[in-house]
Amino acid sequence: MADYALADLEAWDARIREQVAAFGLDCYPQEFEVCDHVQMLGYMAYSGMPSHYPHWSYGKGYEKLKTLYDHGVSGLPYEMVINSNPALAYLMRDNTLCLQILTIAHVYGHNDFFKNNFTFRSTRAEFTIGTFKAHADRVRRYIDTPGIGHDKVEGILDAAHALSLQCRRNLAVRKPTPEEERQRILEASQRPPDPFQAIHKREAAPEPDVRRTPLVPDEDLLLFVRDHNPFLAGWQKDLLTIVHEEAQYFIPQIETKIMNEGWASFWHKRILDSLELPQELQLEFIVRHNQVIRPIPGQINPYHLGLKLWEHIERVGDDPTPEERERLPAGRTGRDLLFETREVDRDASFIRRWLGERLMRDLDLIRYEPRGNDLVISEVSDEQGWGEVKQALLAGVGMGSVPVIRVLDADFGGSRMLLLEHVHDGRDLHLENAERTLGYVHRLWGREVALETVLGSKKTTLTFGERGFAAKAAT
Amino acid sequence: MADSIFRPFNPSDAERSDRSAGDRSRHRSKVRESIRENIADIIAEESIIGQNRDRIIKVPIRGIREYRFVYGDNTPGAAQGNGQSQQGQVVGKARGQQGQGEDKAGDQAGADYYETDVTLEELIEIMFEDLELPDLERKALRQVESFRIARRKGYRAVGIRIRLDKKRTARERARRMVATRKHREALGIERPRFPFHEDDLVYRHMVTDTRDESNAVVLCLMDTSGSMDTMKKYLARSFFFLLFQFICTKYQNVEIAFVAHHTEAKEVTEEEFFHKGESGGTFISSAYVKALEIIQARYHPSLWNVYTFHCSDGDNFDSDNPAALRAARELCDLCNLFGYGEIKPLGSRYYESSMLQIFRRLEADNFQTVLIERKEDIWQSFKAFLGKDRGARQPQA
C-alpha cells in the first residue's frame, strides 16, 4: 500500500510550486487525479482523455498495454499529463512517495512547456476536454442513429485513422484560403512591365490555370476529401473533421517529444535538488531519475537526449567557449536561453540549432542503415560523419517519421481520379502499408486513386480502384 | 500561482471505469472474424492438436493491423550507440516492418502477422460456429435428466428461513403499517412498536431446472499397419481431434473409443492408438467387426448417437474387400455418421491401391469418404464429412 496520505502530496506539492515559481516556470492551473493501474491503462489507451469516442483500435491498444503490463514487459508511466487548461495529470496510487514527488515536479515541467511552446498555440487548451467530449458524443450519436450504426461509423473511422497524420505539420503558419491562393497565382503570373516593348514583341505569357483543384498541392488529405467528395453524407464529413481535429491536437506533442520530455526532466531534477529531500527519498530519487534518463543503446531516449540538450544550452549561456560567445547575442544568461528556446523551437529546429559535433560524440550517436538482413552502422559521430548522423536524426524526429503525401489533382484525366504524390526524400514507402492505406483513401474518395512515388529509385505509380491495387513502374 | 487541485482515488470510480470494455469486445469480435477466415491455416498448425482445452494458444492472424503510410525497409535511422560504436558494426536485424515513428534499431523479428491469444476452447467455438451436425436424431430413451440447477422463480409466502427476502418482508410490513394506520387511530391504539407479522414474511421461491442429457460416442478406427507412417498418423489424429471436439460441442456426454487394426483389430487406449506402431498387413474388415462388437456391447444405437470414423491409407488385402464392404454396410445402419478417410500424402496416391473405389459401391446416405493428402486438406475434408446429411439426401437411386 501507499506510504503516504493525500495531505502529504498536497504538502509536497506546495513546496514544489514554490520552486516552480522561483525558477520562473509559467504554468496553467494544475489538477491531479490519483488513480489505480487499471484506470491508468484506460487513460493511456485513450491518450489520457477523460472522454473519447469509441473505436476498436483503442480496445486493441488497451489489451496490448495490459498484456505487456501483466507480463511485466513494460511498467506504467509514472505520470500522464494532458495539454489542457487547467492541465490534467494522473498519478498512480501505488507509486511510492518519492515517485509521486518526482512526478509532480515533472508534470509542472510539461505544464509550462504546453503553455509556452509556440507549437501548442494552435491547440486551444481551454477547450481540450470539452472538445474531446463533444467529439465522443457526436460519434456515439452516429452509432446510435438507425441507418448509420456501428459498422458504417467504423468503416469511416478506420479509413480516417489511417490518414489522420497526412496533414500540414506546421500549424503555426496559417493555411491560405483557395481564394488567396488564386490571387497569389494571378499576381505571380503578372510580369513586370517590359521597357523594350517597342523594340520586340513579347512572348505570350502562359495563362495560369486557376481552375484546377487543388491550386497548390494540399497536404490535408482528410479535409481535402471532405471538401471535394460530393457524395459524402453530413455525418461522414463530420467524422473526417473529428479525426482530423484530434490529429491536429496531437501533432505538437509529436513534434516536440524530445524537447518536452527533456524540459520536464531538466526541471524535475532542478526542483528536487532544491527541495532538500530527506536522505532515503533522495537516494530513491537518484535511482528513479537515472532510470528515466538513461541512454538506451540502439534507440533514442527522448528524456536523455532532451535533457542533455537543455543542459548544453544552459552551459552555452552561462559559460560559452570563445567561438560560442561569438555567435551568441550579447547579454544572455543560460536561463534566458532556456526560456527563449522552449518557446520558439520544435524538435527539428531544436536539434538543428543546438546539437553539435562534440555533444553528438559524447552521446555516441550513430546512423544505421539496413544491409541485407542486418542493420549496420554506416556513420558514427566523428569529424567526417557527424553531419550525416545529424541528418538521419533530423529526418526521423517529430513528424519526420511520417511520409509527406500531397494531393495534386482531384480530377486527374478528367475522370475524378484522385492523384496523390509522395514527396520522396530518399526513403521509400512500405509497400504493403501503402497498398492498404491507399485502399482507405479509395474508400473515402469513392473513385480511383493514384499515388506517385519512388520505389527502389524507380518512379512508380500505385493505383487503387474498383479492381484493387496495382503498382506500375515508369519505364 | 493558484493552488493545484488533488482528486483522491475513488474506488467506486475505479470499478466503474472499465471504459474500454466496449472497444475491447469490438476488437475481440474482429479477431474472431479474422480467425474464422484463416481457420484452415490454423488447423494445419500441429501445435493445437491434442492440447488441453484451457490452454492458451497463439494464433497468427491478419487484418487487425492498422495501416498508415510509413517508410519501408530501406530507411536509415539514427540511434544512440553503446559508447564504442564503429562503422560497419551490426546493431540489429532489419525489419520487414518499420515501426511508426520509432527510431529503433529493430530487434524484433519481421512481424507480418499480428499474434493474438485465444484459448483452445474459444477457437473451437469459432471453428464450429457455422457447422451443424447433419443428423442430430437424439435417441429418445437416453434423454435422461442429467443435472439439476436451482433457479429463482418469483416469491412465495411460505418457505424455509434461509430464503427469506428481508427487503421485501420489510416492505410488506411497512405496507401493512400504512394500511392499518386509520384503523389503529380510530381504535386509539398507540403502540410504540409495530412488530413483524407472519403475513409479512416473503420467501424467494426456487425451482429446479432439469436438463436432458444426450449421449454420443466417437469411434476412432485407425489402420496401424506398417504402411502407416508418422505423417499419416498425424493427419489421422488431426481429423479425429476435430471430430471429437466437434461432437463435444453438440452433446453433453461424449465418449470416445479407439480401435487399432492391422490384420486383426483390438481396442486400445488413446496413447497406444497414436503412438504405438504396428507392422504387417491390413484387414480392414477386422476393425469394422470390432467396432460392431463395441457398439453392440456398450453403445447401443437406441441409446447412443454413434459417430464412426476410419482412417487408413487404403492398402487393404484384396481378398478382404468384400468382407469390409459388408461390415461397412452394417455400420452404416447403426451409426449416425460413418466416415472413411483415406490418407495419401501427396505422391503416394498413384502406386498404392485405394479403398475409395471399393467404397463407391456403398450407397448409404450417412456414409462419406474423404481423401486427405496434405495438412491443408483436413479442414476441407472435415467440412465435407459433416456436409453429408442423411435428411437432405433422401433416396437418389
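Predicted model, so just to flag it, every value in this text is computed and none were measured.

Engineer: Kindly report on unusual backbone geometry, identifying the contributing residues and their values.
Structural biologist: Residues and elements named next belong to chain A. Backbone torsion omega between Asn 85 and Pro 86 reads 0 degrees, so that peptide bond is classified as cis. Positionally, Pro 86 belongs in the loop between β2 (79-82) and β3 (87-92). The linkage connecting Thr 213 with the following residue, Pro 214, adopts the cis geometry, with an omega of -10 degrees. Considering the arrangement of structural elements, one finds Pro 214 in the loop between α7 (178-189) and α8 (221-228). Unusually for a residue other than glycine, Arg 416 sits at a positive phi of about 55 degrees. Mapped onto the elements of the fold, Arg 416 is located in the loop between β6 (405-412) and β7 (417-422). Located in the positive-phi region is Ser 457, a residue other than glycine, with phi close to 50 degrees. Note that Ser 457 resides in the loop between β8 (449-455) and β9 (458-465). Residue classification places Ser 457 among the exposed residues on the basis of 9 C-beta atoms within 10 Å.

Engineer: Describe in detail the packing of helix α4 (residues 97-116) of chain A against helix α10 (residues 257-275) of chain A, supporting the description with residues and values.
Structural biologist: Residue and element names in this part refer to chain A. Remark: α4 packs on α10, axes separated minimally by 8 Å, with the N-to-C direction vectors making an angle of 130 degrees. On the basis of their axis angle, the class for α4 and α10 is oblique. Relative to α10, the crossing made by α4 is right-handed. Facing α4, whose interface residues are Ile 101, Leu 102, Ala 105, His 106, Tyr 108, Gly 109, His 110 and Phe 113, α10 presents Asn 260, Trp 263, Ala 264, Ser 265, Trp 267, His 268, Ile 271 and Leu 272. Of the residues contributing to the contact of α4 with α10, the split by class is 10 nonpolar, 6 polar and no charged.

Engineer: I'd like a description of the environment of B:Val178, backed by residues and values.
Structural biologist: Tracing the sequence through the fold places B:Val178 in helix α5 (residues 166-179). Spatially, the C-alpha atom of B:Val178 lies 78 Å from that of B:His275, the residues being 97 residues apart in sequence.

Engineer: Go over the domain arrangement of chain B, please, and point to the residues and values.
Structural biologist: On domain assignment, one finds that chain B holds domain 1 (148-210) and domain 2 (214-387). Of note, the centres of domain 1 of chain B and domain 2 of chain B, computed from C-alpha atoms alone, are 64 Å apart.

Engineer: Tell me what's going on with the sheet that holds strand β1 (residues 30-35) of chain A, and back it up with residues and numbers.
Structural biologist: Ordered by their spatial adjacency, 4 strands build an open sheet running β2(A)-β3(A)-β1(A)-β1(B), and the pairing between neighbours is mixed. Of all the strands in the sheet, the pair left with one neighbour each is β2 of chain A together with β1 (5-7) of chain B. In this sheet, adjacent strand axes meet at a mean angle of 20 degrees when their direction is disregarded. Taken together, the 6 bridges between β1(A) and β3(A) define a ladder with parallel strand orientation. If you follow A:Cys35 over to β3(A), its bridge partner there is A:Met92. Of the strands in this sheet, β1, β2 and β3 of chain A touch α4(A), which is tilted by about 20 degrees from β2(A).

Rules and cut-offs
- Every chain is numbered on its own, with residues counted from 1 as its sequence reads.
- Whichever chain is written first becomes A and whichever ligand is written first becomes 1, with later ones labelled in order.
- Side-chain atom pairs in this predicted model are given and counted only at pLDDT of 80 or more, local residue features only at pLDDT of at least 70, and totals for whole chains, interfaces and linings cover all residues.
- Secondary structure elements follow DSSP: runs of H or I of four or more residues count as helices, runs of E of two or more count as strands, with numbering from the N terminus.
- Exposure in this text rests on C-beta crowding, where 20 or more other C-beta atoms within 10 Å of a residue's own make it buried, 12 or fewer make it exposed, and counts in between make it partly exposed. The C-beta atoms are placed from the backbone.
- Between N-to-C directions, angles cover 0 to 180 degrees, with each direction set by a line fitted to C-alpha atoms, over the stretch in contact for helices.
- Angular relationships are summarised with four words: roughly parallel below 35 degrees, roughly antiparallel beyond 145, roughly perpendicular across 65 to 115, and oblique for the angles in between.
- Should the near helix be turned counterclockwise from the far one by less than a right angle, the crossing is left-handed, whereas a clockwise turn marks it as right-handed.
- This entry defines residue contacts through backbone-placed C-beta atoms, with two residues in contact when those atoms are within 7 Å.
- Each residue gets one of three labels, nonpolar for Ala, Val, Leu, Ile, Met, Phe, Trp, Tyr, Cys and Pro, charged for Asp, Glu, Lys and Arg, and polar for the others, Gly among them.
- Note that the domain bounds were set by an automatic or database domain assignment.
- At least two bridges found by DSSP between two strands is the condition for calling them paired.

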